Amino acid sequence: MFGKASIQERRIYYREEWSEKDLPDFITNEITKREFGFDHLGHGPNDRYKVFKGTESLRRFLRYKTPFASYISVAFYLEPRKRGGWQKAEYIFDIDAKDLPIRSCDCNGVCEVCLGEALERVNVMIDTLQGDLGIKNIHLIYSGRGFHIRILDPVMMESDSDLRGEVLKYVAGAQVPKSQFPNPIPGGKPYNFEHFSIPIAYNSVFTEKVKYNILHLKGDEKIDGINPKLLKDLIKNRNLLLDNNWGTFKKNIGPRRYKDMVNAMAKVNLATIDAKVTIDLKRILRLPSSLHSKVSMKCVEVKNRETFDPFKSAVPKFVYERKDESVAQ
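A quick note: this is a predicted structure, and the numbers were derived from the prediction, not measured.

Take the overall build of the protein next. When you go through the protein residue by residue, the secondary structure sums to 14 helices and twelve strands. With the C-alpha coordinates of the protein rotated into their principal frame, the extents come out at 65 × 55 × 30 Å. Scored against the burial criterion, the 329 residues of the protein give a buried share of 51%. Put simply, 69% of the contacts in the protein that link residues at least 6 apart link residues at least 24 apart. On the protein, the mean spot of the 54 positive side-chain charges and the mean spot of the 43 negative ones are 3 Å from each other.

Given below as structure tokens:
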């Protein structure tokens, strides 16, 4: 399933399966303000600054060119062909299953296990965005090897790189809390953003991510700041975290090594997300509905996070034809 799609298979996909109905509304609503980019040979998106008047002209292009990969800008422009007159840009979190610094599987690329764990992390991030920051206009896209959280709330779309980085650190759990970890925040000093009017409890966000990481350690990870002995002791004592017994856990690890672990986990949390994508105001991302030809999977919008299964919703028909031909032989 994760093999490269041939040019014949790409042609079949774009001529027989692709439909403009699979384009999300947030893409089609202002399609003329977006820059499109294409990779025709598998060497990267070198065909840039494309503009389409509507979905029909895009359909004709895809049918004729059958690109290896298709991209669309997160930014909206007055002159997208020149990337001129920047107006606003989606706020993005890019989580790639193959790049998760801590994952339970040993696959060389992506598999059902790491894709499932990537979705678990995505669900936590979206809950944090909605519950803590009150962000509502969130769209989730399966990219073929991971997920793109695409946010179109005005407060974020019109923000600069500084605010994007600030929110990134909060949602990712990439900054060690200033108050004593992992004390609950109620009654303590809240973590505040000047751009949002609600008080925010950061400790619980950070604590839950650290707990998740420790519970998913295999024991062979190479994590900067955590030596093999500390890694072994984290695994040995992690059952305490199932009962949220952080006091005994910290005592068993030792205060100095515990501090080392906390600082290391902040870096691990940040590495879960491609931070360059989040702060980039002119990024291009895979076009929802397009084919990820490196792995022969569709880039699709996730309508229901609870029931989404990429192996049911994102597999092109030609992949099943491959299987049928293999059985026949």
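Having seen the model, we can carry on.
On to the environment of Phe 68, then. In this fold, Phe 68 is placed in the loop between helix H3 (55–65) and strand S3 (69–73). Residues within four places of Phe 68 in sequence aside, it is in contact with Lys 4, Arg 10, Asp 39, His 40, Leu 41, Gly 42, Leu 291, Ser 293 and Lys 294.

Where strand S4 (residues 75–79) lies against strand S5 (residues 84–89), four bridges are found, and the strand directions are antiparallel. Note on S5: the bridge partner recorded for Phe 76 is Lys 88. Counted between consecutive antiparallel strands, the loop separating S4 from S5 contains four residues, among which Arg 83 sits at a positive phi close to 50°.

Moving on to the state of the cysteines. On inspection of all chains with the given rule, the structure shows zero disulfides. Free cysteine: Cys 114, not disulfide-bonded; nearest cysteine sulfur from Cys 107 at 3.8 Å. Residue class for Cys 114 comes out buried when judged on its relative accessible area of 0%. This cysteine, Cys 299, is not joined by any disulfide, and Cys 114 carries the nearest cysteine sulfur, 17 Å off. You can call Cys 299 buried: its relative accessible area is 0%.

Excluding glycine, most residues fall at negative phi; most peptide bonds, likewise, are trans. With a phi angle near 65°, Tyr 49 is a residue other than glycine that sits in the positive phi range. Even without glycine at this site, Thr 66 takes up a positive phi of about 40°. Structurally, Thr 66 is set in the loop between H3 and S3. With a relative accessible area of 3%, Thr 66 lands in the buried category.

This part takes up the nonpolar core. Ranked by internal contacts, the top residues of the largest apolar core, which has 87 residues, are Leu 58, Phe 93, Leu 129, Ile 149 and Met 261. If one sorts the elements of this core by residue count, helix H4 (residues 112–131) sits on top with eight residues. If sequence neighbours within four positions are ignored, Leu 58 has contacts with Trp 18, Leu 23, Ile 31, Phe 36, Phe 38, Phe 52 and Leu 287.

Okay, helix H6 (residues 161–172) next. For H6, built from twelve residues, the straight-helix expectation of 16 Å at 1.5 Å per residue is met to within 8% by its first-to-last C-alpha distance of 16 Å. Burial in H6 covers these residues: Leu 163, Arg 164, Gly 165, Val 167, Leu 168, Tyr 170, Val 171 and Ala 172. Measuring from the side-chain oxygen of the N-cap residue of H6 to the backbone nitrogen of Asp 162 gives 3.2 Å; that N-cap residue is Asp 160. Two residues or fewer past H6, Gly 173 is found with a positive phi of approximately 75°.

In this section: the packing of aromatic side chains. Enumeration according to the criterion identifies twelve aromatic pairs in this entry. Ring plane angle 90° and centroid distance 4.9 Å describe the contact between Phe 36 and Phe 52, whose orientation is recorded as edge-to-face. With Phe 36 in strand S1 (residues 36–39) and Phe 52 in the loop between strand S2 (47–50) and H3, the pair connects residues that are 16 residues apart, well separated along the chain. Each member of the pair Phe 36 and Phe 52 is classed as buried. The structure contains a cluster of three or more aromatic residues connected by ring pairs, namely Phe 36, Phe 38, Phe 52 and Phe 61.

Criteria and thresholds
- Residues numbered from 1 in each chain as written.
- Predicted model: local features only at pLDDT ≥ 70, side-chain atom pairs only at ≥ 80, totals over all residues.
- Heavy atoms only, no water.
- Helix = DSSP H or I, 4+ residues; strand = E, 2+ residues; numbered from the N terminus.
- Buried < 20%, exposed > 50% of the residue type's maximum accessible area, 1.4 Å probe, protein only.
- Contact = heavy atoms within 4.5 Å.
- Lys, Arg positive; Asp, Glu negative; His and termini not counted.
- Charge placed at Lys NZ, Arg CZ, Asp CG, Glu CD.
- Pairing = 2+ DSSP bridges.
- Disulfide = S-S within 2.5 Å.
- Core = buried A, V, L, I, M, F, W, Y, C linked by side-chain atoms within 4.5 Å.
- Expected span 1.5 Å × (residues − 1).
- Polar contact = N/O pair within 3.5 Å; in protein donor to acceptor, adjacent residues only side chain to side chain.
- Phe/Tyr/Trp six-rings, centres within 6.5 Å; stacked < 30°, edge-to-face > 60°.

Interpretation in functional terms is not warranted from these geometric data alone.
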